[in-house]
Amino acid sequence: MTQTILEMKDIKKSFNQVQVLHGVDLTLNKGEIHALLGENGAGKSTLMNILGGVHQPESGVITLDGKEIKIDNPRISQENGVSFIHQELNVVTDLTVYENMFLGSELRNKWGMIDVKEMCRQTSEVLSKLGVDLDPKKIVRDLDTSYKQMIEIAKALLRDSKIIIMDEPTTSLTDNEVDRLFELMRSLKQSGVSIIYISHKLKEIQAVCDRYTVLRDGHLVGNGDIKDVDLAGIAQLMVGKSVSTEAFYHEKSSGEPVLTVKNLTSEGLFKGIHFSVAKGEVVGFTGLAGDGRTELFESIFGFRKKYSGVIEVNGTPIKINHPIKAVKAGIGFVPKNRKENAIIKDLSVIENMSLSSIKNFEKNGLIHSKREQEKFQQYKDQLNIKVHDPNVKIDTLSGGNQQKVVIAKWLEADGDIIIFDNPTQGIDVGAKNEIYQHIMNLAEQGKGIIILSSEAPEILRVCERINIMFQGEITGRFSREELTEEIIMEYATGSKREAKNIG
Ligand SMILES: Nc1ncnc2c1ncn2[C@@H]1O[C@H](COP(=O)(O)OP(=O)(O)OP(=O)(O)O)[C@@H](O)[C@H]1O
Ligand SMILES: [Mg+2]
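Residues numbered from 1 in each chain as written. Chains lettered and ligands numbered in written order. Predicted model: local features only at pLDDT ≥ 70, side-chain atom pairs only at ≥ 80, totals over all residues. Heavy atoms only, no water.

When you go through the chain residue by residue, the secondary structure sums to 18 helices and 22 strands. Rg of the C-alpha trace for the chain: 24 Å, near the compact-globule value of 23 Å for 503 residues, within the 12% margin. A principal-axis box enclosing the C-alpha atoms of the chain has dimensions of 70 × 50 × 50 Å. A sequence separation of at least 24 residues applies to 66% of the contacts in the chain between residues at least 6 apart. For the chain, the accessible area works out to roughly 22,800 Å², and carbon and sulfur atoms hold 48% of it. The centroid of the 63 positive side-chain charges in the chain is displaced by 3 Å from the centroid of its 70 negative side-chain charges. (Helix = DSSP H or I, 4+ residues; strand = E, 2+ residues; numbered from the N terminus. Rg over C-alpha atoms; globule rule 2.2 N^0.38 Å. Contact = heavy atoms within 4.5 Å. Areas by Shrake-Rupley, 256 points an atom, 1.4 Å probe, with all protein chains shown as cover. Lys, Arg positive; Asp, Glu negative; His and termini not counted. Charge placed at Lys NZ, Arg CZ, Asp CG, Glu CD.)

Here it is, written out as structure tokens:
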């Protein structure tokens, strides 16, 4: 028999006179995994922030375990058994793993002293449930983003929760880690815990969720059982019209190489890399965790200095040992992990957008704000960026809308080569297509485009040539016509490699 554990009814919320939730309902059953879906800016995180006590609704009723409650602050939410894994990573990088886990609720022994040993023990225990082998005393700063995300997840698991909110928990996780998390979610569900799961990866939704609720522009537009809908149906509910999953093509330009890389090697990261990208070409790099593709392109962009081999831009060999050199040579790089690498929190939306291409907006040393505003308006419309005032700080935008600003800034930058690392992280299905179309336009203008992505469907829809990497080497090179998701898997796991591909 299903038992309702949570009911949110007719929830309304505005920020600065702009209404973002227009009377939304959500019902959660005991022991279910419930998908909360919607486009970027639809109001998913806001609704969860209300349940988590971070924001107060203007009106509406929340009933938890049959009792109406008012959640004035996060503590009340926690005391009522709700744990919250936030969309943006909140780890304190100067603290250790265990200090992060117990921040604000340090354990003490019977003499009232901080009990480091016990905190470390519990940290290891919960991390090992997630399949993570990590020293609890390590400082968080130097850890990989996927570990930081795991720490956020582990933190929520530490408490005995009735409800766990997971707001895009897998954006930085590898496939293996995602599988572990799903296993754990299923076992939590068996023990009666309810999970609200937010993700733009619709395949994940299908794999792990029981029911769904869809929001569009702050309105409830549908709910039901996952088994009764397919992915296309969910996408359509989210966006309000059918969403294409066709591949993207563009007019070919001249075809001379803009970037050629010969025998690039960096001890322990990648080795013997050679490839070239022509004007107007879209080339993909894919693989699993540890394949070295991010490190390879961080080296080509000058973030990493220790490598050997030759990089030629437009036929001329250049030594790139600093990002400024790369930019001067005409290379642009859109890094992954927006919060850590790509946005400046204290600047406004429009300032963040014009950051990399400031010279496009400069006239006599002054920022030419009219042109800046025009460009902003253009991308706001084309990418459907949900923001009412371009002068608000970027961190008041929803996660996906921040990512759109990051992408827009590079669509504006000049340069012959643009490298996009995981460009559609947290972007909804509809806006993804808009971004792919912009990337095609850049290729049509003659730029060489490189896309790094672990999502096979994305690579297959957008890239004409695809390189698959395994443990720092390119193990397969294909045109998209030759390739399927299964073949990508074979080369990405190292179970196949072709002699012609070893260089
Ligand atoms: N603190 C805030 N101040 C002002 N506006 C806000 C604030 N938080 C959210 N908003 C606005 O509320 C709307 C809904 O944002 P929310 O973060 O809930 O979207 P979301 O559905 O989680 O989107 P995404 O998929 O991109 O994460 C957005 O237009 C956003 O700009
Ligand atoms: Mg969100």
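With that settled, the discussion passes to the coordination of the magnesium ion (ligand 2). For the magnesium ion (ligand 2), the protein coordination sphere consists of Ser 45 (OG) and Gln 87 (OE1), at 2.1 to 2.2 Å. Of the two residues, Ser 45 is situated in helix α1 (residues 44-51) and Gln 87 in the loop between β6 (82-85) and α3 (97-101); the sequence distance between them amounts to 42 residues. Exposure remark for Ser 45: the relative accessible area of 21% places this residue in the partly exposed category. (Donors = N, O, S within 2.8 Å, 3.2 Å for Na, K, Ca; no water. Buried < 20%, exposed > 50% of the residue type's maximum accessible area, 1.4 Å probe, protein only.)

Taken together, the neighbourhood of ligand 1 is formed by 19 residues, with Gly 41, Lys 44, Thr 46, Ser 398 and Gly 400 sitting nearest. Within the side chain of Gln 87, an N or O atom sits 2.9 Å from an oxygen atom of ligand 1. A distance of 2.7 Å separates an oxygen atom of ligand 1 from a polar side-chain atom of Ser 398. Summarising the interface, the protein chains cover 85% of the accessible area of ligand 1, which totals 640 Å² for the free molecule. Those elements that place two or more of their residues in the shell around ligand 1 are α1 and α15 (399-412). In the shell around ligand 1, the residues fall into four nonpolar, 12 polar and three charged. In terms of domain composition, the shell around ligand 1 takes at least three residues from each of domain 1 (4-239) and domain 3 (339-414). (Near = heavy atom within 4 Å. Polar contact = N/O pair within 3.5 Å; in protein donor to acceptor, adjacent residues only side chain to side chain. Nonpolar A, V, L, I, M, F, W, Y, C, P; charged D, E, K, R; others polar. Domains from an automatic or database assignment.)

Pairing geometry for strand β1 (residues 4-15) and strand β4 (residues 59-64), over five bridges, is antiparallel. What sits directly across from Leu 6, in β4, is Leu 64. Looking at chain direction, β4 and strand β5 (residues 67-69) are connected through three bridges and run antiparallel. Paired with Leu 64 across the two strands is Lys 67, which belongs to β5. The loop that links β4 with its antiparallel partner β5 comprises two residues; one of these, Asp 65, has a positive phi angle of about 55°. (Pairing = 2+ DSSP bridges.)

So, about the sheet that holds β6. Consider a sheet: its strands pair through backbone hydrogen bonds, and that pairing is either parallel or antiparallel. Read from one edge to the other, the open sheet built from six strands follows the order β6-β7-β8-β3-β9-β10, with strand pairing classed as mixed. Of all strands in the sheet, those with a lone pairing partner are β6 and β10 (219-225), marking the two edges. Ignoring which end each strand starts from, the neighbouring axes of this sheet average 15° apart. Note: β6 against strand β7 (residues 163-167), four bridges, orientation parallel. Note on β7: the bridge partner recorded for Ser 83 is Ile 164. In the packing of α1 onto the sheet, the strands contacted are β3 (33-38), β6, β7, β8 (194-198) and β9 (211-216), and the crossing angle to β3 comes to about 135°. With respect to the sheet, helix α8 (residues 231-239) is in contact with β3, β9 and β10, its orientation differing from that of β9 by roughly 30°. (Axes fitted to C-alpha atoms, helices over the stretch in contact; angles between N-to-C directions.)

The next subject is the sheet that holds β5. In space, the four strands of this open sheet follow the order β2-β1-β4-β5, with antiparallel pairing throughout. Strands with a single pairing partner mark the edges of an open sheet, and in this sheet they are β2 (18-29) and β5. Pairwise comparison of adjacent strand axes, ignoring direction, gives a mean angle of 25° for this sheet. Here nine bridges tie β1 to β2, and the two strands are oriented antiparallel to one another.

With that settled, the discussion passes to the packing of aromatic side chains. For the structure shown, the criterion picks out nine aromatic pairs. Members of the aromatic cluster, joined through ring pairs, are Phe 275, Phe 285 and Phe 297. The ring of Phe 15 is capped by Lys 13, whose NZ or CZ atom sits 5.1 Å from the centre of that ring. Between the NZ or CZ atom of Lys 319 and the centre of the ring of Tyr 307, over which it lies, the distance is 4.6 Å. (Phe/Tyr/Trp six-rings, centres within 6.5 Å; stacked < 30°, edge-to-face > 60°. Lys NZ or Arg CZ within 6 Å of the ring centre and 35° of its normal.)

Moving on, we get to the domain arrangement of the chain. Annotation of the chain at the domain level lists domain 1 (4-239), domain 2 (245-330 + 416-503) and domain 3 (339-414). One C-alpha centre belongs to domain 2, the other to domain 3; they are set 25 Å apart. Contact with domain 2, which involves 14 residues of that partner, is made by 11 residues of domain 3. Regarding the contact of domain 2 and domain 3, the summed buried area is about 1,100 Å², with carbon and sulfur atoms giving 70% of it. At the boundary of domain 2 with domain 3, the tally comes to zero salt bridges. The tally of links between domain 2 and domain 3 comes to two residue pairs in polar contact (both at pLDDT 80 or more). Listing elements by their share of the side of domain 2 that touches domain 3, those giving two or more residues are β19 (417-421) and α16 (429-444). With five residues, α16 is the single largest residue contributor to the side of domain 2 that touches domain 3. Taken together, the residues of the side of domain 2 that touches domain 3 sort by class into seven nonpolar, four polar and three charged. (Buried area = accessible area lost by both parts, 1.4 Å probe. Salt bridge = Lys/Arg side-chain N within 4 Å of Asp/Glu carboxyl O.)

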